[in-house]
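# Topology and contacts: notes
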Amino acid sequence: MDERRADRLSGWAGILFSAMSLVVFPLVLTPPAPPIVGQSGAEVATWFELHRTGFLVGNYIGIASFLPGFVQLVVLAARIRRAEGEGGFLSTLVLTTGTFGYAVFVCSLVAFQAMPFLLAPHLRSSIEALGSLTAVWFALDGLAAFPLVIAVGVATVVTRVLPPWFARFSWITAVLVIAMSIGALTTQPSWLAAGGVVTGLGFIGFFVWTFVLGVVFLRRTPKAA
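Anyway, here's the lowdown on the structure attached to this text. Note that this is a predicted model, so its numbers are computed, not measured.

## A closer look at helix 8 (residues 164-181)
Helix length check: helix 8 (18 residues) gives 27 Å between terminal C-alpha atoms against 26 Å at 1.5 Å per residue, within 8%. Here helix 8 has its buried residues at Phe166, Ala167, Ser170, Thr173, Ala174, Val177, Met180 and Ser181. When helix 8 is viewed along its axis, its buried side chains cluster within an angular range of 120° and face the same direction. Every exposed residue of helix 8 that faces more than 90 degrees away from the buried side is listed here: Pro164, Arg168, Ile172 and Val175. Structurally, helix 8 contributes buried residues whose contacts are with helix 7 (124-159) and helix 9 (197-219).

## Remarks on unusual backbone geometry
At the junction of Pro31 and Pro32, the peptide bond is cis and its omega measures out at 0° in the coordinates. Topologically, Pro32 is positioned in the loop between helix 2 (24-28) and helix 3 (41-50). Here the amide bond leading from Gln188 into Pro189 is cis, since omega sits at -10°, within 30 degrees of zero. Examined against the element boundaries, Pro189 turns out to sit in the loop between helix 8 and helix 9. Of note in the backbone geometry, Arg160 takes a positive phi value of approximately 60° without being a glycine. Note that Arg160 resides in the loop between helix 7 and helix 8. Residue Arg160 is classed as exposed on the basis of its relative accessible area of 66%.

Rules and cut-offs
Residues numbered from 1 in each chain as written. Predicted model: local features only at pLDDT ≥ 70, side-chain atom pairs only at ≥ 80, totals over all residues. Heavy atoms only, no water. Helix = DSSP H or I, 4+ residues; strand = E, 2+ residues; numbered from the N terminus. Expected span 1.5 Å × (residues − 1). Buried < 20%, exposed > 50% of the residue type's maximum accessible area, 1.4 Å probe, protein only. Arc of directions from axis to C-beta. Contact = heavy atoms within 4.5 Å.

Following this line, the structure appears as structure tokens:
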């Protein structure tokens, strides 16, 4: 596959990855707010009862989104490898941190997919425990994404395979995903706790980053590379 065609494939794959990952939000953005770590089984069950179908469909699509996500990741790593030349390690760093981060993300979403099936009254203790587990895991997705964002930022600075401004954008995204992960350490205040507002903003911020990366690849030319 020629370079321009690979860039377009990566660009559209990144846009699809981002859109599919974020589709769950409009499907569940009706009150009450999503449950956070430490909420009772009854509160968790109530939320999933109200959003059952939208959540199951949106989360399922989110898991499937990592198929185009890996396409974007592999093409990006190949571009970095070509730009850094023999003996470079940044492309390997991007590929391995991305694989690790995406695996953590997918596994957290798989755990979430079980939640709507634990709504029976005799399972309230189970849904409370799994609710806290998935909320904390969701927050820690930010920590898993952090090495990839930093690796891409550094590779951008060193190889200039991406525009210089994308490195600065990566530093901002890195702050967002680290803030997201802090929710795994506390239940107060509620907006910072796992599953709260900061967790959601970090998640959205990361997929805005992958979306912008996709757009950059669509606008990229072999000469600019």
